[in-house]
Amino acid sequence: MSMHNSAPIPAQAGIGLRSHHFREILDAPPPVAWMETHPENYFGDGGASLRVLERIRAQYPLSFHGVGLSLGSTDPIDHAHLRKLNVLIDRFEPAFVSEHLSWSSVGGRFFNDLLPLPYTSESLDHVCARIDEVQTILKRPLLIENITRYLTWQDSTVPEGAFMAEVVRTTGCGILLDLNNIYVNAVNFGLDPIEFLSAIPAQAVWEIHLAGFDHFGRALIDTHGQPVCPEVWGLYQWAIHRFGPRPTLIEWDTNLPPLSVLVEHATQADAILGGCHAAAS
Amino acid sequence: MLQLREIQQAFADGIIKGTYHDVAGAIHPGASALRSVALYRRLIRNNYVQALKITYPILSRFVGARYFGLVARGYFKKYPSSSGDLFLYGRHLPAFLTVVQSPPLLAELARLEWACHEVYQAADSPPLSHDQLQTLASADPSQVTFHLHAASRLLSFPFPVHRVWLALQPETPTDEVVDLPLPEQETCVVVTRGDGKVQVTPLARTDYLLLETMSQGVDAAAVERIAIEAEPEFDFPRFLATVLNLGVISGVFVENGP
């Protein structure tokens, strides 16, 4: 029998789990509905981090948000990485397992960053085949997240939203919609975020991410190191109205504030979700 | 039109070598190829500097941010990451520091920190049971062998590098002083994990040799003989109590035993 809180992730706000907050969370579990973590942080064979995750998992529904699978790479899938991921999935029974619509390695060289794919029919066929392969091995659907990008490939012929919609249609995966990424790309490249969101089928959106960015010259950089900006909160309201209430994560990875700040953000997201729940009833 | 693989390889070359000509044609002319590749290069390099800093916090504190950043950037060029698991990045740093002829203390400190990094996430093992300890007391020593804990590492250094490691721990009082240069003095340590926290403990030379011998599956009788040859007055019970307390031994096995 599972020792975990086996409830699915509710359409409420959760927070990203970072080791910096372990002690605080164990001492006084915060009033949030769920937590999300990078599985790669627990790829070790043992030690304190895994034990802490066990304790937190006993109290909260959990989601795994992978950053190392390099789904769009033209190298073969890293089966050693998938094996480690599968071991963790068996142990912690996350409700969601997500990855990024990106690549981060080629020729055996890994950049451990999320690099953009050209949105072409070749990329589409390639990434769909890779998602199929991963979903078959993990025996579960993946959620695929849209990324920020700091360039546009010359040969991109398909708008990003339409590309993602086609990935969903072909593979049956879900979408993890990162609204901050949409906003950052929109500002950096003069795009219309609503156009992107309008291309996404509502039933495909299983989770939403909210985060903050930093400025680098005239560009916005997706650092996950600042509060969610008012414009992204506005997009969130628009998205919840269009897609309905969805599990929503406050994602904060750098320049980490006290846990209470993440909880305040989660409360703000819950208020928007609550408004949508109320309107629907 | 470049194929996806060609685009990825050209972009990767741009990131590692800082060149952008091969990938420039694939980037939309609305964005400067030079600026785009440079931005990604900067972001990725920062990721790697941070990853190395997490793995080598003491070395980073010891040499300071500026020097550590230079080391990290040189390391990134020589050893690009070969895994999506960043815990593995940095395993060649001790060798890299030796090759670039940095002061020997830095390579030895890096070797100690990599051992700490491995121990931190090594497999768990239950403590020795009362029955196993009883076995140790009653069995024929020539039939007894030991397993060292996966979360333990034996290391020896040409000087007491662990003093620097200990002095720069966050909880160490700031007035703790280590005189440099360190004396030339062979130093043995064992890295273990107690209560999830990594600890570095200096060992007597004979204790170190015996643990190394035990790790090779040599039986307890032979280990004791080696001890007596090294030190006629060697206190074997004291040695066993020390290593059991440190949690270095995770298993006692008796050939043909129960």
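Residues numbered from 1 in each chain as written. Chains lettered and ligands numbered in written order. Predicted model: local features only at pLDDT ≥ 70, side-chain atom pairs only at ≥ 80, totals over all residues. Heavy atoms only, no water.

> Describe the nonpolar core, and please don't skip the residues or the numbers.
Membership of the largest hydrophobic core comes to 139 residues, with the highest contact counts inside it found for Leu177(A), Leu179(A), Leu210(A), Tyr236(A), Phe11(B) and Leu112(B). Excluding residues that lie within four positions of it along the chain, Tyr236(A) makes contacts with Leu179(A), Ile208(A), Leu210(A), Thr248(A), Ala269(A), Ile272(A) and Leu273(A). Counting residues in hydrophobic clusters, the runner-up holds 25 residues, among them Leu128(B), Leu148(B), Val190(B) and Val243(B). (Core = buried A, V, L, I, M, F, W, Y, C linked by side-chain atoms within 4.5 Å. Buried < 20%, exposed > 50% of the residue type's maximum accessible area, 1.4 Å probe, protein only. Contact = heavy atoms within 4.5 Å.)

> Lay out the sheet that holds strand S3 (residues 187-194) of chain B with the relevant residues and their values.
Hydrogen bonding along the main chain pairs the strands of a sheet, whether they run parallel or antiparallel. Residue and element names in this part refer to chain B. An order of S2-S3-S4 is seen for the three strands of this open sheet, with the pairing classed as antiparallel. Because the sheet does not close on itself, it has two edges, and the strands there are strand S2 (153-157) and strand S4 (197-203). Looking at each pair of strands side by side, their axes are set apart by 25° on average, direction ignored. Here S2 runs beside S3; their pairing, made up of five bridges, is antiparallel. Note that in S3 the partner of leucine 154 across the bridge is valine 190. Running at roughly 175° to S2, helix H7 (residues 104-120) makes contact with S2, S3 and S4 of the sheet. (Pairing = 2+ DSSP bridges. Helix = DSSP H or I, 4+ residues; strand = E, 2+ residues; numbered from the N terminus. Axes fitted to C-alpha atoms, helices over the stretch in contact; angles between N-to-C directions.)

> Lay out the pairing of strand S8 (residues 174-178) of chain A with the relevant residues and their values.
Residues and elements named next belong to chain A. Where burial is concerned, most of S8 is hidden: five out of the five residues are buried. Two elements, strand S7 (residues 143-145) and S8, share three bridges in a ladder whose sense is parallel. Each bridged residue has a counterpart across the sheet, and for glutamate 145 the counterpart in S8 is leucine 176. Once you follow S7 into helix H5 (residues 160-171) and on to S8, the crossover reads as right-handed. (Right-handed = clockwise from strand over helix to strand, strands pointing away.)

> Please provide a residue-by-residue account of the packing of aromatic side chains, values included.
Scanning the model with the defined rule gives 18 aromatic pairs over all chains in all. When the centroid spacing of 4.8 Å and the interplanar angle of 50° are considered together, the rings of Tyr119(A) and Phe163(A) count as tilted. With Tyr119(A) in the loop between strand S6 (109-115) and helix H4 (121-138) and Phe163(A) in helix H5, this residue pair connects regions lying 44 residues apart in the sequence. Just as Tyr119(A) is buried, Phe163(A) falls in that class too. Aromatic side chains Trp153(A) and Phe11(B) sit 5.7 Å apart centroid to centroid with 75° between the ring planes, which places their arrangement in the edge-to-face category. Of this pair, Trp153(A) sits in the loop between S7 and H5 while Phe11(B) is found in helix H1 (residues 4-17), placing the two residues in two different chains. Across the pair, Phe11(B) and Trp153(A) agree in class, each one buried. Site record: aromatic cluster; members linked through ring pairs are Tyr48(B), Tyr75(B), Phe76(B), Tyr79(B), Tyr89(B) and Phe96(B). (Phe/Tyr/Trp six-rings, centres within 6.5 Å; stacked < 30°, edge-to-face > 60°.)

> Give me the lowdown on the packing of H1(B) against helix H3 (residues 33-55) of chain B, citing residues and values where you can.
Residue and element names in this part refer to chain B. Direction vectors running N to C along H1 and H3 enclose 65°, while the axes themselves pass 9 Å from each other. Pair H1 / H3 crosses with right-handed handedness. The residues of H3 that touch H1, namely those facing Phe11, Gly14, Ile15, Ile16 and Lys17, are Val37, Tyr40, Arg41 and Ile44. The class makeup of the residues in the contact of H1 with H3 is six nonpolar, one polar and two charged. (Left-handed = near helix turned anticlockwise from the far one by under 90°. Nonpolar A, V, L, I, M, F, W, Y, C, P; charged D, E, K, R; others polar.)

> Can you tell me about the interface of chain A and chain B, naming the residues and giving the values?
Every contact between the two is made by 46 residues of chain A and, on the other side, 42 residues of chain B. Taken together, both faces of the contact between chain A and chain B bury some 3800 Å²; the carbon and sulfur share is 59%. At the surface where chain A touches chain B, the tally comes to four salt bridges. Joining chain A to chain B, the criterion identifies 23 residue pairs in polar contact (both at pLDDT 80 or more). Elements with a contribution of two residues or more to the side of chain A that touches chain B: helix H2 (48-57), helix H3 (79-92), strand S5 (103-106), S6 and H4 of chain A. Ranked by the residues each element gives to the side of chain A that touches chain B, the list is headed by S6(A), at seven residues. Residue classes in the side of chain A that touches chain B are distributed as 16 nonpolar, 20 polar and ten charged. (Buried area = accessible area lost by both parts, 1.4 Å probe. Salt bridge = Lys/Arg side-chain N within 4 Å of Asp/Glu carboxyl O. Polar contact = N/O pair within 3.5 Å; in protein donor to acceptor, adjacent residues only side chain to side chain.)

> Can you tell me about unusual backbone geometry, naming the residues and giving the values?
A cis amide bond links Leu180(B) to the next residue, Pro181(B), at an omega of 0°. Within the secondary structure, Pro181(B) is located in the loop between helix H9 (162-167) and S3. For Ser70(A), which is not glycine, the phi torsion reads 50° and is therefore positive. With respect to the element layout, Ser70(A) can be found in the loop between strand S3 (62-65) and H3. Of note in the backbone geometry, Asn255(A) takes a positive phi value of approximately 50° without being a glycine. Position of Asn255(A) relative to the elements: it lies in the loop between strand S12 (248-250) and helix H9 (259-280).

> Describe the side chain of Ser70(A), and please don't skip the residues or the numbers.
Residue and element names in this part refer to chain A. Of the residues examined, serine 70 reaches a relative accessible area of 4% and is grouped as buried. Here the side chain of serine 70 touches serine 105 through a polar contact of 2.8 Å, side chain to side chain. When near neighbours in sequence (up to four residues on either side) are disregarded, serine 70 contacts Ser102, Trp103, Ser104, Ser105 and Arg130.

> Give me H2(A): which residues, what numbers.
Counting buried residues along H2(A), seven of its ten residues qualify, which places the element largely inside the surrounding structure. What H2(A) keeps buried is the set Ala48(A), Ser49(A), Leu50(A), Val52(A), Leu53(A), Ile56(A) and Arg57(A). In the core, the buried residues of H2(A) are packed alongside helix H1 (22-27), strand S2 (35-37), S3 and H3 of chain A together with H7 of chain B.

> So what's going on with the side chain of Thr192(B)? Residues and values would help.
Residue and element names in this part refer to chain B. Inspection of the secondary structure assignment puts threonine 192 in strand S3. Taking the relative accessible area as the measure of exposure, threonine 192 reaches 1% and is therefore buried. Those residues in contact with threonine 192 that sit more than four places away from it in its chain are Val119, Ala151, Ser152, Lys197, Val198, Gln199, Leu246 and Val248.

> Can you break down the pattern of salt bridges residue by residue, with the values?
Applying the stated criterion across every chain yields a total of 15 salt bridges over all chains. In this structure, Asp75(A) and Arg5(B) form a salt bridge, with 3.0 Å as the shortest nitrogen-oxygen distance. In this pair, Asp75(A) is assigned in the loop between S3 and H3 and Arg5(B) in helix H1, connecting two distinct chains. Judged by its relative accessible area of 11%, Asp75(A) falls in the buried class. Accessibility expressed as a relative area gives 30% for Arg5(B), which makes it partly exposed. As a salt-bridge pair, Lys84(A) and Asp85(B) come within 3.4 Å of each other at their nearest N and O atoms.

> Describe in detail the confidence of the model for chain B, supporting the description with residues and values.
All names here are of chain B. Averaged over every residue, the pLDDT of chain B is 91; residues scoring 70 or more account for 99%. Mean pLDDT values over the elements of chain B span from 80, in helix H8 (residues 130-138), up to 98, in S2. Across the whole predicted complex the pTM is 0.93, and at the interface the ipTM reaches 0.93. (pLDDT = per-residue confidence, 0-100.)

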